[in-house]
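# Structural overview
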Amino acid sequence: MRGPMVTQLLDQFLGLTHWGDVDYLILDMPPGTGDIQLTLSQKLNITAAVIVTTPQKLSFVDVERGIEMFDSVNVPCIAVVENMAYYEQQTVQNAIDPGKLLEKFKNKLQSDEQLNGAGPSMEEQAAELVKIVEQAQKESGGEVDKVSLFGAGHKHKLSEQWGIEHTFSMPLLSNIAKNGDSGIPFIEEHPDGSHAKTYLELAGAVASEVAKIKFGNNGGNARPSIVYNEEQNVIEVNDTSNDDAYIFTPKELRAECKCASCVEEMTGRQILVKSSVSDLVRPREMNPTGNYAVSVNWSDGHRSLYPYKQIRALRAAQREETIQLQAEEALQQ
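Structural notes, computed from the coordinates. Just so it is clear, the structure is predicted and the values come from calculations on it, not from any experiment.

### Some thoughts on the packing of helix α2 (residues 35–43) against helix α3 (residues 57–72)
Relative orientation of the contacting elements α2 and α3 amounts to 35°, with a least axis distance of 9 Å. The handedness of the crossing between α2 and α3 comes out as right-handed. Counting all contacts with α2, which are made through Gln37, Leu38 and Ser41, the residues of α3 involved are Met69, Phe70 and Ser72. Tallied by class, residues from the contact of α2 with α3 come to three nonpolar, three polar and no charged.

### Re helix α9 (residues 194–215)
For α9, which comprises 22 residues, the first-to-last C-alpha distance of 31 Å matches the rise-based estimate of 32 Å (1.5 Å per residue) to within 8%. Those residues of α9 that fall on the buried side of the exposure criterion are His195, Ala196, Thr198, Leu202, Ala205, Val206, Glu209, Val210 and Lys212.

### Quick look at the pairing of strand β8 (residues 244–248)
Of the two faces of β8, only one is covered, namely that formed by Asp244, Tyr246 and Phe248; the face formed by Ala245 and Ile247 stays uncovered. Judged from the five bridges that link them, strand β7 (residues 234–239) and β8 form a sheet pairing that is antiparallel. Bridging across to β8, Asp239 finds its partner in Asp244. Hairpin connection of β7 to β8: four residues between the antiparallel strands, including Asp243 at a positive phi of 50°.

### Here we look at the side chain of His302
Looking at the element boundaries, His302 is found in the loop between β10 (293–298) and β11 (303–307). Classification of His302 by relative accessible area gives buried; the value is 16%. The contact partners of His302, leaving out residues within four places of it in the chain, are Arg254, Cys257, Cys259, Ser261, Cys262, Val296 and Asn297.

### Concerning the nonpolar core
In this structure, Ile226, Leu253, Trp298, Tyr306 and Ile311 are the most contacted members of the largest nonpolar core, which totals 22 residues. If you list the elements that add at least two residues to this core, you get β7, β8, α10 (250–255), β10 and α11 (308–332). Ranked by size, the runner-up nonpolar core spans 19 residues in total, among them Leu40, Ala49, Ala293 and Leu305.

### Some details on the packing of α3 against helix α6 (residues 155–162)
At a minimum axis distance of 12 Å, the contact between α3 and α6 shows a crossing angle of 30°. The two elements α3 and α6 cross, and the hand of that crossing is right-handed. Of α6, the residues touching α3 (which contributes Phe60, Val63, Glu64, Ile67 and Glu68) are Lys157, Leu158, Gln161 and Trp162. Residue classes in the contact of α3 with α6 are distributed as five nonpolar, one polar and three charged.

Rules and cut-offs
- Residues numbered from 1 in each chain as written.
- Predicted model: local features only at pLDDT ≥ 70, side-chain atom pairs only at ≥ 80, totals over all residues.
- Heavy atoms only, no water.
- Axes fitted to C-alpha atoms, helices over the stretch in contact; angles between N-to-C directions.
- Helix = DSSP H or I, 4+ residues; strand = E, 2+ residues; numbered from the N terminus.
- Left-handed = near helix turned anticlockwise from the far one by under 90°.
- Contact = heavy atoms within 4.5 Å.
- Nonpolar A, V, L, I, M, F, W, Y, C, P; charged D, E, K, R; others polar.
- Expected span 1.5 Å × (residues − 1).
- Buried < 20%, exposed > 50% of the residue type's maximum accessible area, 1.4 Å probe, protein only.
- Pairing = 2+ DSSP bridges.
- Core = buried A, V, L, I, M, F, W, Y, C linked by side-chain atoms within 4.5 Å.

This is how it looks when you write it as structure tokens:
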């Protein structure tokens, strides 16, 4: 089906459906950043986007493209979910087989003639006993190893390069398909598990970020004003979140670029030689990207993205260096 036909169908689906009073309407877009995704983003009044990816390097490239596409239509990306991030492997050597244990409990209950009156059925009692033993096994020892089947993932890189604060890792679970077939969601069957906690944290992060966008309450994460003063050749930062104003030289900020061309993605090794940055470098264009970063096009042809978290960290280092210099001068006097 061609893009315009899909868009028309979605327009009808979204516009003619009586949704009622909903708190959130979540649109699960198809993979990619083609015409369909771009058209939907332009047509619909989307408040924010959550990027869903996998740990592979190729998926990270798609994440970058997705963030750039949403930014082009002024839709902030507020969270990233990394599916199949790891597999949980039980390290207990003598693990109990729940199936065999269930049969043994049934036989025991039948032989002892404990099923009298209108109490729980034999199957229900046996299932409860299995849960007791499995819980005891977990508490008695044995650890769960998180095996990264598809690599270490890119949560740290996303936070560092794009300034996305909320990143979540979802494991590869063997029972997900089974629960889907049975019609009982995995999280509903295991409401107290660590995976349910991750989903709740994701939901809380999305609700918080949407509230900030809708009502303009960014709290301590308010977006600072960053402009280039061409006359004085400095980049001026006015950070209203902590009532601070400071400056960087263009060379200082250019040297702190953390993109894949300047810092090796997997190891964090510095590729850009900071001393090689020209004193004549200037920002040609500076624009906010989403809620968490500023994009800079430099006169040397390079494009950098600076999360506000990184800008504030540079400011903290600047202050620390100033304090250290003052202390050294005091000692010399």
